[in-house]
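A closer look at the structure
Residue-level listing of the chains:
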Amino acid sequence: MEYLIGIQGPDFVLVAADNVAASSIIQMKQDQDKMFKLSDKILLLCVGEAGDTVQFAEYIQKNIQLYKMRNEHSLQQRYGNDLFPTPYHVNLLLAGFDETDGPGLYFMDYLSALAKAPFAAHGYGAYLTLSILDRYYRPDLTRDEAVELLKKCIEELNKRLIINLPSFSVRLIDKDGIHDLEKLVPVGAK
Amino acid sequence: MALANVLQSESVDFSNYGRQRRGFASGLYETELGVESVGGDNLSFAVRTACADGDGPERKIEFLHGTTTLAFKFQHGVIVAVDSRATAGSYIASQTVKKVIEINPYLLGTMAGGAADCSFWERLLARQCRVYELRNKERISVAAASKLLANMVYQYKGMGLSMGTMVCGWDKTGPGLYYVDSEGNRVCGDLFAVGSGSMYAYGIVDSGLKQQNLTVEEACDLGRRAIYQATYRDAYSGGQVNLYHVHSQGWTRVSQSDVLMLHQQYQAEKAEKA
């Protein structure tokens, strides 16, 4: 039901997440933010079982802050990924910009499978949109092209996904940090 | 075991008790992230196997989920409306259950799911809120109170607690409304309805709230009407509608109306219009 997507460009990472917080068949909240800021240039997008998502993400977030305070420098992006198989049923996308390595997007699922990928998605929506990403993605996308690609994916969800996802939060990470972009609100079924 | 631990701990320390999830922090982590390792209770990372889930003894206990509770924010505060029926299967055990728990003079909690679970945990929350007040010399915010409750029940996730509650209050940021449940959900919002009759209630309140600038009177009528409509359709909700209004000075008990009386009243109004 929930959807996460990330697209990496040559010097940025674009991420988006839907905004619905649901409980069985009811949408309890339509403006839920599923992105957690781990540091100035790292975002954790987290979906999965109720409760586990927020508890897990906040746990990681606070521990990374603690590390930063204790060690006076931030955890590099790839170390934020070392995790053991845990009973937390959460699926993640970790997106960030590293000084030395540049932009990075990591896909992680609840079994702790970890993969660095140029683009990734979680949720039922991933089945519909990964092929679009396969077809149109290029490693040298500009920011505008990446946003257009994202819009294509969301239009597809709007058209074919049985669950209505009314809006998506979008953020971009580059060397200057995390930028909030306009929320994407797909309009009308085609 | 769990109860004794909870009552002993002043601030709930969720690195130790109850769940294997706490096995997260391992010795290895100590060097990399500086996370303190779990104390004597260093539970293994073994993922709970499937046999532990789903078929535990908790599943055989029947819970009284039949209820309709709702709360919504409007410009003059928060309206909280609940029914008062308790059912055990198809038997109506009581028509006069108090489903609103008065945590303190400016915080209310609603009850849906297991009655014992709700009232116990909310009483414990009341105690924690009081301790907070004494330590910090100021009232606890609704966000903090709901987070305390959510963290407390999260430790028992999967162990059979059944609780769907709304924490409603007024703090220095204005009216506050949070939904917290035993699954671990904690969501802030302007409108929630919980229970078997919640969907019927959503229908009424969503359409009623489209009109902006409700007066207190109109908001109370809306809450009352929504519960009534839910009791009309849902067999597991009924009894009386208990209505509370939370405003800057705290909460006020507005009314208690029998659902059958409301039915007569609305029918009469309809007949008058026709």
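It should be emphasised that the depicted structure is a prediction, and the values quoted were computed from it without experimental measurement. (Residues numbered from 1 in each chain as written. Chains lettered and ligands numbered in written order. Predicted model: local features only at pLDDT ≥ 70, side-chain atom pairs only at ≥ 80, totals over all residues. Heavy atoms only, no water.)

Description of the sheet that holds strand E5 (residues 100–104) of chain B
Sheet strands pair by backbone hydrogen bonding; their relative direction is either parallel or antiparallel. Residue and element names in this part refer to chain B. To keep things clear, this is the line we draw: A pair of strands is considered paired only if DSSP assigns at least 2 bridges between the two. Starting at the N terminus, helices and strands are each numbered in turn, a helix being any DSSP run of H or I of at least four residues and a strand any DSSP run of E of at least two. What counts as an axis is a line fitted to C-alpha atoms, over the stretch in contact for a helix, and the angles between N-to-C directions run from 0 to 180 degrees.
Read from one edge of the open sheet, five strands run E5-E6-E7-E8-E9, paired in antiparallel fashion. Across the chains shown, the open sheet's two edge strands, defined by having one partner strand only, are E5 and strand E9 (186–188). Taking the axes of each pair of neighbouring strands and ignoring which way they run, one obtains an average angle of 20° across the sheet. Note: E5 against strand E6 (residues 107–110), four bridges, orientation antiparallel. Bridge assignment links isoleucine 101 to a residue of E6, and that residue is glycine 109.

Things to note about the nonpolar core
The nonpolar side chains of soluble globular proteins are, as a tendency, buried together. As a reminder, the rule being used: What makes a nonpolar core is a set of buried Ala, Val, Leu, Ile, Met, Phe, Trp, Tyr and Cys residues whose side-chain atoms join them at distances within 4.5 Å. A simple rule labels every residue: compare its accessible area, found with a 1.4 Å probe on the protein chains alone, to the largest value its type can have, and call it buried under 20%, exposed over 50%, or partly exposed in between.
Among the nonpolar cores identified, the biggest contains 41 residues, and Leu70(B), Phe72(B), Val80(B), Met166(B) and Phe192(B) are the most heavily contacted of them. The biggest single contributor to this core is helix H6 (residues 216–233) of chain B, with seven residues. Formed by 26 residues, the second largest nonpolar core is a distinct cluster that contains Ile5(A), Val20(A), Phe168(A) and Val170(A).

Remarks on the pattern of salt bridges
Cut-off, in case you're wondering: Take a side-chain nitrogen of Lys or Arg and a carboxyl oxygen of Asp or Glu: if they are within 4 Å of each other, that pair is a salt bridge.
According to the stated counting rule, one finds 20 salt bridges over all chains in the structure shown. For Glu49(A), the salt bridge goes to Lys157(B), with nearest N and O atoms at 2.9 Å. Of this pair, Glu49(A) sits in the loop between strand E6 (42–48) and helix H1 (52–71) while Lys157(B) sits in the loop between helix H4 (142–154) and strand E7 (164–171), each in a different chain. The exposure class assigned to Glu49(A) is partly exposed, which follows from its relative accessible area of 31%. Taking the relative accessible area as the measure of exposure, Lys157(B) reaches 4% and is therefore buried. Here Lys98(B) makes a salt bridge to Glu102(B), at a shortest N to O gap of 3.5 Å. What emerges from the salt-bridge pattern is a single network uniting Glu2(A), Asp18(A) and Lys34(A).

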